[in-house]
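Chain by chain, the residues:
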Amino acid sequence: MRRTGFDPFSKISVKFSDAEGTSEGAVDEGGPCREMFRLSLNWLKDSGMFCGAHKKNLNLCGNALHKNMYFEAGRLIALSLIHGGPGLIFFSETLFSLLCDQIAVPTLDDIDRDVRETTMQFQNANELEELRTIIGNSDVFSLSGFPIIVQAEEQEKIVQGTLRFFAVDRIREPLRQLIAGLNTCGLYDKLVQYPSIFKDIFCSEITLSSKVIEELFLIVYTEPGTNTRSKENRVISYFRDYVLDLECDPTNIVTLPDLLVFATGSDCLPPLGFPLRPEIMFLHEKNSRFPIANTCSLQLKLPVVHTRTSKPIWILPWVMLKNSGSPNKYLFYFTLILLNLDNIIFVLLKFMYKEYSILLYSYR
């Protein structure tokens, strides 16, 4: 994106490569692009440029400000929305109000954790001497312009002033950079023009459900009345049971967003939708025990060789040792022991996208 010849209006083509620089060799028809934007936005959400437990506000990071990273963040967000990537859904109400130049009412969730804890301690104090002690022991209130407290009645004013300083006034320059990046391809101008539409994209989280998954995929059946169609009907019934399990059982390691990632490369429905309607097909020509997904053509192909399936194959994210190129073998053996209790019979360790994954299939 930093190349002088980069054109944000041109089609983006993505290739994933390993540590040696060897790429997949496939042509990006949309799947790798969605995957790249998903991974990038997830990283952005948890970076030091944002703060907040769930919904995020901007956080002042001197290094990121110096490197113009807030501009890069805004441009990445704009490119994701324009090129069919996922929406944000993690901006706080305060941050979106600031983007639209509206009156913002900051809350404790809009500030850094350490500042939030100190402010909450001050807010919950009851005695004047206790309030003075908290102010004296922390720089938070001095930075906000409240080095002393004279009367207990000033407590709420100091709390609101502190919130205003850290959640609004302190992030003016990061906000300016972010807005400049968001105006890639004129997106920010449209945001200001249609704030109610963009608020859903930036702030409202749409929870995936089994109904959404069922309505999203088009099932490509063969002719009715054949043995092949009977197999397909059985597999689809298993698949729907599995989707319901993912929705209803909070103990599942795999979630509905994981399922969508496997099939499309995106963990949510993109604001612009998918270029094609995702399809469920069947692996009649192969004796494969494992499903196959093509995130470019948006096809999920299910195996039909199993007759008594309880759960389709899935990808269990592998846990890597920090700063290590190999998986945690002790966790690996422990995982196998737990999975064998649930009649796991096929285990395949596979390297993909710089992460180790286990392909699992279980039946009863």
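No experiment lies behind these values; they were computed from the predicted model shown. (Residues numbered from 1 in each chain as written. Predicted model: local features only at pLDDT ≥ 70, side-chain atom pairs only at ≥ 80, totals over all residues. Heavy atoms only, no water.)

## What to know about the overall build of the protein
Per the secondary structure count, the protein includes 15 helices and 9 strands. Going through the 364 residues of the protein one by one, you find that 44% of them count as buried. Sequence-distant contacts, at least 24 apart, represent 60% of the contacts inside the protein between residues at least 6 apart. Element-wise, carbon and sulfur atoms account for 53% of the exposed surface of the protein, whose accessible area totals about 20000 Å². (Helix = DSSP H or I, 4+ residues; strand = E, 2+ residues; numbered from the N terminus. Buried < 20%, exposed > 50% of the residue type's maximum accessible area, 1.4 Å probe, protein only. Contact = heavy atoms within 4.5 Å. Areas by Shrake-Rupley, 256 points an atom, 1.4 Å probe, with all protein chains shown as cover.)

## Let's talk about the environment of Arg240
Tracing the backbone shows Arg240 in helix H13 (residues 227–248). Given the relative accessible area of 38%, Arg240 is considered partly exposed. Separated by 27 residues in the primary sequence, Arg240 and Ile213 have C-alpha atoms spaced 9.3 Å apart. Setting aside anything within four residues of it in sequence, one finds Arg240 in contact with Glu214, Ile219 and Tyr221.

## Structural notes on the UniProt feature "active site" (unreviewed entry) in the protein
Within the UniProt annotation, "active site" (unreviewed entry) is assigned to Cys296. Relative to the helices and strands, Cys296 resides in the loop between strand E5 (292–294) and strand E6 (299–303). (UniProt positions renumbered as here; feature names shortened; annotations may be inferred.)

## Regarding the state of the cysteines
By the definition in use, this model includes 0 disulfides. The closest cysteine sulfur to the non-disulfide-bonded Cys100 is located on Cys203, 8.4 Å from its own sulfur. (Disulfide = S-S within 2.5 Å.)

## Structural notes on the nonpolar core
The biggest cluster of nonpolar side chains holds 57 residues, and the ones touching the most others in it are Ile77, Phe91, Phe122 and Phe202. Considering every element that reaches this core, the biggest residue donor is helix H3 (residues 69–82), with 7 residues. With residues near it in sequence (within four places) discarded, Phe202 still touches Ile77, Leu81, Leu88, Ile89, Phe90, Phe91, Phe96, Leu182 and Leu191. If you look at the next biggest cluster of nonpolar residues, it comprises 24 residues, including Leu208, Phe217, Tyr242 and Phe262. (Core = buried A, V, L, I, M, F, W, Y, C linked by side-chain atoms within 4.5 Å.)

## Some remarks on the environment of Asp169
Turning to its location among the elements, Asp169 is positioned in the loop between helix H8 (155–167) and helix H9 (172–182). Along the primary structure Asp169 and Ser144 are separated by 25 residues, whereas in three dimensions their C-alpha atoms are 9.5 Å apart.

## Structural notes on the packing of helix H5 (residues 113–124) against helix H6 (residues 128–136)
Between H5 and H6, the shortest axis-to-axis distance is 9 Å and the interhelical angle comes to 165°. One way to sum up the angle between H5 and H6 is to call them roughly antiparallel. With respect to the hand of their crossing, H5 and H6 are arranged in left-handed fashion. Note on element contacts: H6 touches H5 through Leu131, Ile134 and Ile135, opposite Thr118, Gln121 and Phe122. For the contact of H5 with H6, the class distribution of residues is 4 nonpolar, 2 polar and no charged. (Axes fitted to C-alpha atoms, helices over the stretch in contact; angles between N-to-C directions. Parallel < 35°, antiparallel > 145°, perpendicular 65-115°, else oblique. Left-handed = near helix turned anticlockwise from the far one by under 90°. Nonpolar A, V, L, I, M, F, W, Y, C, P; charged D, E, K, R; others polar.)

## Observations concerning the side chain of Glu232
On the secondary structure map, Glu232 appears in helix H13. As a buried residue without a salt bridge, Glu232 has its nearest oppositely charged side chain in Arg229, at a separation of 4.5 Å. With residues near it in sequence (within four places) discarded, Glu232 still touches Tyr221, Thr222, Phe282 and His284. (Lys, Arg positive; Asp, Glu negative; His and termini not counted. Salt bridge = Lys/Arg side-chain N within 4 Å of Asp/Glu carboxyl O.)

## Quick notes on the confidence of the model for the protein
For the protein, per-residue confidence averages 81 on the pLDDT scale, and residues scoring 70 or more make up 81% of the total. Segment residues 309–364: pLDDT under 50, and 104 contacts once partners within four positions in sequence are set aside and those in other chains are kept. (pLDDT = per-residue confidence, 0-100.)

## Looking at the sheet that holds E5
Across a sheet, paired strands are connected by hydrogen bonds in the backbone, their directions being either parallel or antiparallel. In spatial order, the strands read E3-E4-E6-E5; together these 4 strands make up an open sheet with mixed pairing. Among the strands making up the open sheet, the edge pair consists of strand E3 (218–219) and E5. By the bridge criterion, 3 bridges tie E5 to E6 in an arrangement that is antiparallel. In the sheet register, Ala293 faces E6, and the bridge partner there is Leu300. (Pairing = 2+ DSSP bridges.)

## Section: the pairing of strand E4 (residues 279–283)
Relative to E4, E3 is paired through 2 bridges, and the arrangement is parallel. When the bridges of E4 are listed, Leu218 appears paired with Glu279.

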